[in-house]
Protein chains: 2
Amino acid sequence: MADFSSKDSEYLSRLQDYYAEWKSIPSYAALCEVFGIASKSWVKAILNRLAEAGFLERTPDGVWIPAPPFFARPLAESAVQAGMPVAVSATQGEHFVIDEMLIETPSRSVLIPVKGDSMIEAGIHDGDVAVVEKRLTANLGDIVVAIVDDAFTLKTLDKEAGKFVLRPANAAYPVIRPEASLEIFGVLVGLIRKYR
Amino acid sequence: MADFSSKDSEYLSRLQDYYAEWKSIPSYAALCEVFGIASKSWVKAILNRLAEAGFLERTPDGVWIPAPPFFARPLAESAVQAGMPVAVSATQGEHFVIDEMLIETPSRSVLIPVKGDSMIEAGIHDGDVAVVEKRLTANLGDIVVAIVDDAFTLKTLDKEAGKFVLRPANAAYPVIRPEASLEIFGVLVGLIRKYR
DNA sequence: TTGACAACAGAACGATTGTTCTCCAAAATT
DNA sequence: AATTTTGGAGAACAATCGTTCTGTTGTCAA
């Protein structure tokens, strides 16, 4: 049984990005370009492994279609604000299916549950799910996920006296003034809340 | 320019059903079965009209792909709080795509843009999109969409002196005390916000 | 009753598809 | 040092695909 290598997950995310843009799975020939390889037979081998891993299926006619896990995004186990390991790649936890409406770049987006009320005045509540696009830079005024003291924090990016600061949206919390450089994990692009 | 007949919308919904099941647009030959016709050339003519109506597109390679209106569920034209017609079925306005994550009962669910800040203390902002499940009854404490003076209002359902009242989450707004019975349109089950 | 148009059916055809097969170089294993 | 495994390349081929073109109905107005 062929196992799912790290290269395969690279292929998967390329395919996810392609699908997000075109909403269809292309032909083997087109997948050669998408994957950056030249062999149709190898494309087929890759798709078969993705199917074995549960990300793809075939219709009775043999047409490749995405299976539910194809759409699932990793839901980070720990939440923003709590002490969360910097590496968010591990995807052990729950899965969460959401359409690309909020997610323009699926492979670079992560869903992170929000913990705490430091952004409550921005309408971001404890238990909300943040849609975060992983990026190293952000603009002033963006709500960013930053890495502070090895933990994730959701704050508004601002500037004070020429230095970047992280401003909470809750008068009870202090502005965070990083000593050295500011490490940005990603930018908040969407928010999802479930009632009941 | 060929116009979009009622038969075409029948073809469209068949295609939508097929896509919902298989998440791909089949070949012309397969579409013959889906549409219940026998001519590939006529299938092509149909798809061209669906494309003209905005439901389909083609990739640069000529592959048919669904366009956003293909997925759209009705996004109520007017927003909650503004004077909105009671019938929400008409789907003229903007379109909005979202997966079933927040929508457990798609056929009974509607997306409604939120207007105003009467619920801001509940973290519901102007411009947010409310996921509303159409129901005639609700529980105390639910955030409901109620029909007040022929307009939609998003408020928390509460009880005062034995009578139902609609409580805003903003100190600047008054509690609504309906004289007679309270007409409930639906219950808020989810919230979606987009940044940028 | 004619004639135009809409709604298909069906054939023909070159291009493209997925499949299978053989081959190969580098890395890993023995 | 020898050998197996990994990660692909490339050719060949029947089946299928989309396209185009020509017919064939039924309908409805003139």
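Residues numbered from 1 in each chain as written. Chains lettered and ligands numbered in written order. Predicted model: local features only at pLDDT ≥ 70, side-chain atom pairs only at ≥ 80, totals over all residues. Heavy atoms only, no water.

The next thing to look at is the confidence of the model for chain A. Residues and elements named next belong to chain A. The share of residues in chain A with pLDDT of 70 or more is 79%, and the mean pLDDT across the chain is 80. Mean pLDDT in chain A bottoms out at strand 4 (residues 95-97), which sits at 36, and peaks at helix 2 (residues 28-35), which reaches 96. Here residues 75-102 is modelled with pLDDT under 50, and outside its nearest four sequence neighbours on either side it reaches 89 contacts, counting other chains as well. (pLDDT = per-residue confidence, 0-100. Helix = DSSP H or I, 4+ residues; strand = E, 2+ residues; numbered from the N terminus. Contact = heavy atoms within 4.5 Å.)

Of note in the backbone geometry, A161 of chain A takes a positive phi value of approximately 50 degrees without being a glycine. Inspection of the secondary structure puts A161 of chain A in the loop between strand 8 (151-160) and strand 9 (163-167). The exposure class assigned to A161 of chain A is exposed, which follows from its relative accessible area of 83%. A positive phi is found at K23 of chain B, a non-glycine position, where the angle reads about 55 degrees. Examined against the element boundaries, K23 of chain B turns out to sit in the loop between helix 1 (6-22) and helix 2 (28-35). (Buried < 20%, exposed > 50% of the residue type's maximum accessible area, 1.4 Å probe, protein only.)

Our focus in this paragraph is the protein's contact with DNA strand C. Y28 and R58 of chain A together with A38, S41 and W42 of chain B are the nearest of the 14 residues found near DNA strand C. For DNA strand C, the fraction of atoms within 4 Å of the protein that belong to sugar or phosphate moieties is 60%. S27 of chain A places a polar side-chain atom, nitrogen or oxygen, 3.0 Å from a phosphate oxygen of DNA strand C. Within the side chain of W42 of chain B, an N or O atom sits 2.5 Å from a sugar or linking oxygen of DNA strand C. (Near = heavy atom within 4 Å. Polar contact = N/O pair within 3.5 Å; in protein donor to acceptor, adjacent residues only side chain to side chain.)

Attention shifts here to the protein's contact with DNA strand D. In the vicinity of DNA strand D, 14 residues are found, and the nearest of them are A38, S41 and W42 of chain A together with Y28 and R58 of chain B. Here a phosphate oxygen of DNA strand D and a side-chain polar atom of Y11 of chain A are 3.0 Å apart. For DNA strand D, a phosphate oxygen lies 3.0 Å from a polar atom in the side chain of K44 of chain B. No other element matches the three residues that helix 3 (residues 40-52) of chain B contributes to the surface near DNA strand D. Residues that form the surface near DNA strand D fall into these classes: six nonpolar, four polar and four charged. (Nonpolar A, V, L, I, M, F, W, Y, C, P; charged D, E, K, R; others polar.)

Here S24 of chain A shows up in the loop between helix 1 (6-22) and helix 2. Once the C-alpha coordinates of S24 of chain A and I65 of chain A are considered, the two residues, 41 residues apart in sequence, prove to be 8.1 Å apart. In this structure S24 of chain A touches Y18 and Y19 of chain A together with V63 and I65 of chain B, once residues within four positions along its chain are discounted.

All names here are of chain A. Overall, the coordinates contain 14 salt bridges over all chains when judged by the stated rule. Here E160 and R177 are joined by a salt bridge, their closest N and O atoms 3.1 Å apart. Placement of the pair is E160 in strand 8 and R177 in the loop between strand 9 and strand 10 (183-194), with a sequence separation of 17 residues. Residues joined in a network through salt bridges with shared partners are D158, E160, R167 and R177. (Salt bridge = Lys/Arg side-chain N within 4 Å of Asp/Glu carboxyl O.)

So, about the packing of helix 1 of chain A against helix 3 (residues 40-52) of chain A. All names here are of chain A. Interaxial distance between helix 1 and helix 3 falls to 10 Å at its minimum, and their mutual angle equals 95 degrees. By the angle between their axes, helix 1 is roughly perpendicular relative to helix 3. Packed against helix 1, whose contacting residues are D8, Y11, L12 and L15, the element helix 3 presents W42, I46, L47, R49 and L50 at the interface. Grouping the amino acids of the contact of helix 1 with helix 3 by side-chain chemistry returns seven nonpolar, no polar and two charged. (Axes fitted to C-alpha atoms, helices over the stretch in contact; angles between N-to-C directions. Parallel < 35°, antiparallel > 145°, perpendicular 65-115°, else oblique.)

The next point concerns the nonpolar core. Across soluble globular proteins, nonpolar side chains show a tendency to be buried alongside one another. In terms of nonpolar packing, the biggest core is built from 37 residues, with F35 and L47 of chain A together with F35 and L47 of chain B touching the most fellow members. Beyond its immediate stretch of four places on either side in the chain, F35 of chain B contacts Y11, R14, L15, V43, I46 and L47 of chain B. (Core = buried A, V, L, I, M, F, W, Y, C linked by side-chain atoms within 4.5 Å.)

Think of a pair of aromatic rings as described by two things: how far the centres are apart, and how the planes are tilted against each other in angle. Residues and elements named next belong to chain B. According to the stated counting rule, one finds seven aromatic pairs over all chains in the structure shown. Seen from their ring centres, Y11 and F35 are 4.9 Å apart, and the 40 degrees between their planes marks the pair as tilted. With a gap of 24 residues between them, Y11 in helix 1 and F35 in helix 2 connect regions that are remote in the sequence. Comparing Y11 with F35 shows no difference in burial state: the two are buried. The lysine or arginine in question, K159, covers the ring of F164, its NZ or CZ lying 4.8 Å from the ring centre. (Phe/Tyr/Trp six-rings, centres within 6.5 Å; stacked < 30°, edge-to-face > 60°. Lys NZ or Arg CZ within 6 Å of the ring centre and 35° of its normal.)

Residue and element names in this part refer to chain A. You can see K159 is positioned in strand 8. Sequence separation between K159 and L140 is 19 residues; the distance between their C-alpha atoms is 7.3 Å. Once residues lying within four places of it in the same chain are set aside, the contact partners of K159 are L140, F164 and V165.

Residue and element names in this part refer to chain A. Looking at the element boundaries, S13 is found in helix 1. With relative accessibility at 16%, the residue S13 sits in the buried group. Here the side chain of S13 touches E10 through a polar contact of 3.0 Å, landing on its backbone oxygen.

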